[in-house]
Amino acid sequence: MSLYKSGGDGIRALLRRVLIGLGASVLAGLGAASAQQESAPQPQAARPGLTAEDLFRPDPAPIIAGVRVTGNQRIEAETVGSYLPLQPGMPADQELLDLSLKTLFRTGLFSDVKLEMQPDNTLLITVVENPIVNQVIYEGNRRIKRDKLEPELQLAPRTVYTRAKVQADVQKIIELYRAKGRFATIVTPKVKPLEQNRIDVIFEIDEGPKTGIAKVNFIGNEKFTDNELRGVILTKESRWWRFFTNYDNYDPDRLEYERQLLREHYGKNGYADFQVVSAVAELTPDRKDFFITFTVDEGPQYTIGDVRVKTTLAKLNAEALENFVPIKEGQTFDSERVEKAVESITFATGTAGYAFVDVNQRLVRHEDSNTIDLTFEVNEGPRVYVDRINIKGNTRTLDKIIRREVRLAEGDAFNRVLVDRSRARVRSLGYFKEVTIEEKPGSAPDRTELDVNVEEQSTGSLSLGVGISSTENFIVDVSVEERNLLGRGQYLRFRVQASSRTRQVDLRFTQPYFLDRNLAAGGSIFNQRTDYREAGFIRNRIGFGLNAGFQVSEYGRGGLNYFLTRDSVKIDTLSTQTIPNMDDPQDYLIPGAMPESLIPATDSSGNPILDSDDLQAQFLTANVCDFIAQSLTPTCESRGEFLTSLVGFSLNFDTRDDPITPRRGWRGGANIGIAGLGGDVNYYQTELTGAWYHPIIGDFIGSLKGRIGYIDGWGGDGVRLSDRFFEGASTFRGFEVAGVGPRYLTSVRDGELFGQAIGAKAYAIGTAEILLPLPLPDQYGIRASLFSDFGTVGLVDDSTKALNDNPSFYLDFDGDPATGINGREYAPIQDDLALRVTAGVSVSWDSPFGPVRFDFAKILRKEEYDQTEGFRFSAGTNF
C-alpha cells in the first residue's frame, strides 16, 4: 500500500537522484578494476549496457483498478471522481496523483485530502469536507449596516466556508470602514460549529473612533491660495457642522481623484504645465486625524496663440469647422474648452455624415511668450462596427425597455452622435439615476462592444404638495404613481386628492410600446370636485379619456387624445335682498328660481323696517344667481350641467442634451383641441410651449421658456367659466392661484380691490432663468436658480362684460387725501392684457424624504386687482 500527499514526490525524487549518483560511482570503480584484469579469465560474461539507472529504476506504476471515496457527507462520490484526471485503467503515475490532489484542494470543497493505493490497486480518496455556512452574523456594526456589508463579502448562507474567504472578508470589511474614515477598525472572525457539518460565522467588529482630517495643506502654490484650492478638492477639514458629508475623512482612493481635480482646475486657468508632485497623508500618533499635504508645481500661465483646424474630409473644409471651436486668440488657455472643442467638431462631423472621425489636438508651447498654438487635426478614422450591446445594472427594468431606446443595433457602424443620443433617450425614461455608455474592444480590431450601464432609481412616488398663500393656510395634494410598472415601462397613477378646495379620484394607465410597436396607448377615468373659490363656482366633473402617441422623427413625437366629460357647475353663494311687502318675490328672481326664505326685514335693533306706505318690508334670501339683478354676473353665466366631447392632437420636439438637467438644446410643443363633435359645448383651444437652454459662462446655465394659449367658442357658443385659463402660483410665480388675469370686482376696502377671478381666453407667459452652480456636492441634490416670470393674461367674451354697460354696478372709491390716493370709479369687470413681471429665487432639494421646492418672488409689475404671494413651498416623497 502506498500513501500519497502533496509534496511526497519531491522527497522521493531527491532520494532517487542521490542513489543514482552513488550507483554511478560504484560502476565507475568496477569498470576500472575490470580494465586492469582484461587478460584474466572471466567465469561469466557481464550483462551488456548495464547503467546506474538500470540498478535503481523504480517499479512500474500500478494500474488503477477502481476509485473509492470516503469521508464525503454532502458531495457525491461521482462528483469527487469527476474532478480527477485519473480514471480506472490508467497507471497511478506520481505526477498525475499530485495533480489530482491539487485539483481537489482547488475546488474549495475540502479542508483535507489523502490519496492511497490499496493492495487490490484501488485508489482510495479520503476527504474532509469544508463546512457549510448556516448564517453570517455581524456584531458591533453601527455605522455600516448589514445590507451594505453583505453584497461586498464572499461568505453567505449556504456557501462553502474556507479560511481564504474569511481572511478576504475581514480585509474587505476593514476597507469599507476605512472608506468611512475609520482606520482603527478591528474585525475578529469567529466560528460556531453546528450539527451536520454546518457553522455560523460571526464577525465581531470594533469600529473604533472616526478618523478625521485635521488639516489640508498645499506647498508650492502661488497663484491660488490654500483656501481656494481647498474648495477645488472633495476632501474637507473636519468640522462639527459637516455631519451630512463623508468628505471630512481620509480616503486613499479619493486622494488620487483629487490630483485630477487640481490638474483640471489649473488647466482651466491657463496652467498647462501644472503637476501634483506629491500627495501625502500622515496619521497623527493618536490615530484620530490625518494631515494631508499636496505639493504642486504650477508652472507659467499660457494664453492662446494661433488656432487652426486641418482636415482631409471632402465635405467639410477647415473654415466651416473653425466655427465650432469656442476658442479665440488672446484668451487664457483652458483645457476644458479644448475638450469641448473636440466634442463640438466630432458632433459637427457626425451630423454631416462622418461616423468615423479622429480629432486630435496638437499643442505647441512658446515659452518665451507663454503662448500655446492650437491645431485640431480632423481625419477620417477607420471604420468600426458594433459587436455587442450589453445592458448592465438593470436590476428591475427589462432589457428590452432599454434596448428599444438605443439608436444603434449590433452590426451597425459605430456613430458617436447616435451613442450620445442613445444615452439621452435612456435617461429621458426617468427610470435611472445615472446612465453611461462605455466602449470596450470587441472580437476583432474593427469591432467594439457597448456597455450601457444604468443605476436604477425609485420610479414610484407618493407625493405631497403643500402651498402657502396670503388667502389660505395649506393646500395638501396626495397621489401615488408608478412610472415603470413591473419593470415594463408602463405608467400607472392612482390619485386621491383631498384638500380644502379639491376632492379627486384619478386612475391613469399608459403602455408606451403598445403591441411592441413604437406606439403608446393609454386611458384614464376620473372624478373631480373642485371649489374654484377664486372664481366663485364649484365644478363636479366625471369622465374618461383615451390617448395614443407615435414617433414622427428622431426628436419629435405626436399624439391623439379623446375626452368625454360631464360637468356640473354651480354657484354656491347665497344673497339677501330687501323687497317691499306688497311686491311679488318672483318679480326679483329669474324664472324657475326657488327662494331660500322670506322673512320680515328688521334693523340692527330688531325693529321692523317700514317702507313709505308703512308696510313692512321683506328679506328675500336665494342663490346669488337667482336674482335678476345678479344674473348677468360673469360667474352666473356658466352654471348648469354640460357634456363635453373633446378631440385633441399634440406635437412635441425635444433636442436637449439631457432631459433631466439640460445644458443646451431646445424643446417645443403644440396642443390643439376641438370640443363639439357631440356633447353640449363648442370651442377650440390651442396651446404652444417652448424652452431653450444654453451655457452662459462656466457652470451657469441660462434658459428661456414660454407658453401661449388661446381658447374661443364656435357655433354661437361662448367660453364657459370652467374652460378658461386660470394662471398663477406655480404657473406664474409671485401670484396666487388664479391671482393674475381678468377679475369680477365686488368691493373696495381700505384702498384694496376684492373680487373673483373669471378666467381668460388668452395668455402668454415667459420665464428667463439662470441655474446657479452651488459650492455643494452633487449628492446633496440642492439646486438654485434666479428667475423672472413675465407675461399677460386676459381677454373675455363681450357677454361676460355685460355688467360694465350698467353704471349702477360700478364701484366707487373715494380715495384718501392723507395717503395721496385719488378717488375713482372701477368697472366691475376688469380685463387688461397688461404686462406683469416678477423676479425671485427658486431653491429645490432632493431631500431624503422626497423633493422639496421653495419659491421666493418679488412683484415688479402688476395690475392693482391682481392677488400676489411672496413665498410658495411644496414637498413630496418617493418610493
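Source: prediction; values computed, not measured. (Residues numbered from 1 in each chain as written. Predicted model: local features only at pLDDT ≥ 70, side-chain atom pairs only at ≥ 80, totals over all residues. Heavy atoms only, no water.)

Some thoughts on the overall build of the protein chain
Along the protein chain, the regular secondary structure elements total 12 helices and 41 strands. When each of the 879 residues of the protein chain is scored for burial, the buried share is 39%. Sequence separation of at least 24 residues holds for 60% of the intrachain contacts in the protein chain that already meet a minimum separation of 6. Accessible surface, the protein chain as shown: approximately 47,300 Å² in total, 53% of it carbon and sulfur. (Helix = DSSP H or I, 4+ residues; strand = E, 2+ residues; numbered from the N terminus. Buried < 20%, exposed > 50% of the residue type's maximum accessible area, 1.4 Å probe, protein only. Contact = heavy atoms within 4.5 Å. Areas by Shrake-Rupley, 256 points an atom, 1.4 Å probe, with all protein chains shown as cover.)

Some details on the environment of R421
Structurally, the position occupied by R421 is in helix 12 (residues 416-428). Considered as a pair, R421 and R656 are 235 residues apart in the sequence and their alpha carbons are 9.7 Å apart. Among all residues touching R421, those that are not within four sequence positions of it are R407, E554, Y555 and D654.

A word on the sheet that holds strand 14 (residues 385-392)
Taking strand neighbours across the sheet as the criterion, the three strands line up as 14-16-15 in an open arrangement whose pairing is mixed. Strands at the two margins of the open sheet, each flanked by one partner only, are strand 14 and strand 15 (432-441). On average, each strand axis in the sheet is tilted by 20 degrees relative to the strand beside it, whichever way the strands run. Bridge count for strand 15 against strand 16 (residues 447-456) is nine bridges, and the pairing is antiparallel. Among the inter-strand pairings, T436 is bridged to a residue of strand 16, identified as N453. (Pairing = 2+ DSSP bridges. Axes fitted to C-alpha atoms, helices over the stretch in contact; angles between N-to-C directions.)

Examining the environment of E456
Tracing the backbone through its elements, the reader meets E456 in strand 16. Classification of E456 as buried rests on a relative accessible area of 18%. Along the chain, E456 and T397 lie 59 residues apart, while their C-alpha atoms are 8.0 Å from each other. In contact with E456, other than residues within four places in its own chain, are G393, N394, T395, R396, T397, Y431, F432 and K433. At 3.4 Å, the side chain of E456 and the backbone nitrogen of T395 are in polar contact. A polar contact of 3.0 Å, which involves the side chain of E456, links it to the backbone nitrogen of R396. (Polar contact = N/O pair within 3.5 Å; in protein donor to acceptor, adjacent residues only side chain to side chain.)

Topic: the nonpolar core
Core analysis: the biggest nonpolar cluster contains 21 residues, and V309, V325, I327, I345, F376 and V378 have the highest contact counts within it. With residues up to four places along the chain from it excluded, the contact list for V378 reads V309, K310, T311, T312, L313, L321, I345, T349, V357, D358 and V359. Membership of the second largest hydrophobic core comes to 20 residues, among which are I75, L104, L109 and I132. (Core = buried A, V, L, I, M, F, W, Y, C linked by side-chain atoms within 4.5 Å.)

A few points about unusual backbone geometry
Here the phi dihedral of N121 falls at roughly 65 degrees; this positive angle occurs in a residue that is not glycine. When you line up the elements, N121 lands in the loop between strand 3 (110-117) and strand 4 (122-129). Residue N121 is classed as partly exposed on the basis of its relative accessible area, which comes to 29%. Despite not being glycine, A729 shows a phi value in the positive range, around 65 degrees. Along the chain, A729 falls in the loop between strand 30 (700-713) and strand 31 (743-749). Relative accessible area serves as the criterion here: at 6%, A729 is assigned to the buried category.

Notes on the pattern of salt bridges
Considering all chains together, one arrives at 41 salt bridges under this definition. In this structure, D516 engages K400 in a salt bridge whose closest nitrogen and oxygen atoms are separated by 3.5 Å. A residue pair is termed long-range when its members are at least 10 positions apart, and D516 in the loop between strand 20 (502-511) and strand 21 (519-532) and K400 in helix 11 (residues 399-403) qualify at 116 residues. Note that K433 and E455 form a salt bridge whose closest N and O atoms lie 3.9 Å from each other. One end of the pair, K433, is in strand 15; the other, E455, is in strand 16, with 22 residues separating them in the sequence. Taking relative accessible area as the criterion, E455 reaches 40% and is therefore assigned partly exposed. Overlapping salt bridges bring together K392, K440, E449 and D451 as one network. (Salt bridge = Lys/Arg side-chain N within 4 Å of Asp/Glu carboxyl O.)

With respect to helix 4 (residues 94-106)
The end-to-end C-alpha separation of helix 4 is 18 Å, in line with the 18 Å expected for 13 residues at 1.5 Å each. Along helix 4, the residues classified as buried are L97, D98, S100, L101, T103 and L104. Its side-chain oxygen 3.1 Å from the backbone nitrogen of E95, D93 forms the N-cap of helix 4. Just downstream of helix 4, G108 is the residue with a positive phi angle, here 75 degrees. (Expected span 1.5 Å × (residues − 1).)

Section: a nonpolar patch on the surface
On the surface, a nonpolar cluster with roughly 590 Å² of combined accessible area is contributed by F494, V496, V505, L507, I525, F544 and L546. Breaking the nonpolar patch down by element, the ones donating at least two residues are strand 19 (490-498), strand 20 and strand 22 (537-551). The topology assignment puts L546 in strand 22. (Patch = residues over 30% accessible without salt bridge, like charges linked within 9 Å, V, L, I, M, F, W, Y side chains within 5 Å.)

Re the environment of P512
Summarising the element assignment, P512 is placed in the loop between strand 20 and strand 21. The spatial distance from the C-alpha of P512 to the C-alpha of G549 is 8.0 Å, given a sequence separation of 37 residues. Once residues within four sequence positions are removed from consideration, P512 is found in contact with R404, G489, Q490, R517, L519, A520 and R557.

A closer look at helix 6 (residues 163-179)
With 17 residues, helix 6 extends 25 Å between its outermost C-alpha atoms, agreeing within 8% with the 24 Å of an ideal straight helix rising 1.5 Å per residue. Buried residues in helix 6 make contact with helix 5 (146-149), strand 6 (186-194) and strand 7 (198-206). After helix 6 finishes, the residue G181 shows a positive phi value of roughly 90 degrees.

Observations concerning the sheet that holds strand 13 (residues 371-380)
In space, the three strands of this open sheet follow the order 11-13-12, with mixed pairing throughout. Edge strands, defined here as strands with exactly one partner in the open sheet, are strand 11 (303-311) and strand 12 (357-366). Across this sheet, the average inter-strand angle for adjacent strands is 15 degrees, counted without regard to direction. By the bridge criterion, 10 bridges tie strand 12 to strand 13 in an arrangement that is antiparallel.

A look at the side chain of T284
Secondary-structure assignment places T284 in the loop between strand 9 (275-283) and strand 10 (289-297). Look at T284 and you get buried, because its relative accessible area is 15%.

Notes on the packing of aromatic side chains
Taken as a whole and judged by the stated rule, the model has 15 aromatic pairs. Taken together, a centroid distance of 5.0 Å and an interplanar angle of 65 degrees make the contact between F183 and F290 edge-to-face. Taken together, the residues span a long stretch of sequence, with F183 in the loop between helix 6 and strand 6 and F290 in strand 10 at a distance of 107 residues. Ring geometry for F218 against F294: centres 5.3 Å apart, planes inclined by 15 degrees, an arrangement best described as stacked. (Phe/Tyr/Trp six-rings, centres within 6.5 Å; stacked < 30°, edge-to-face > 60°.)

These figures capture arrangement, not role.
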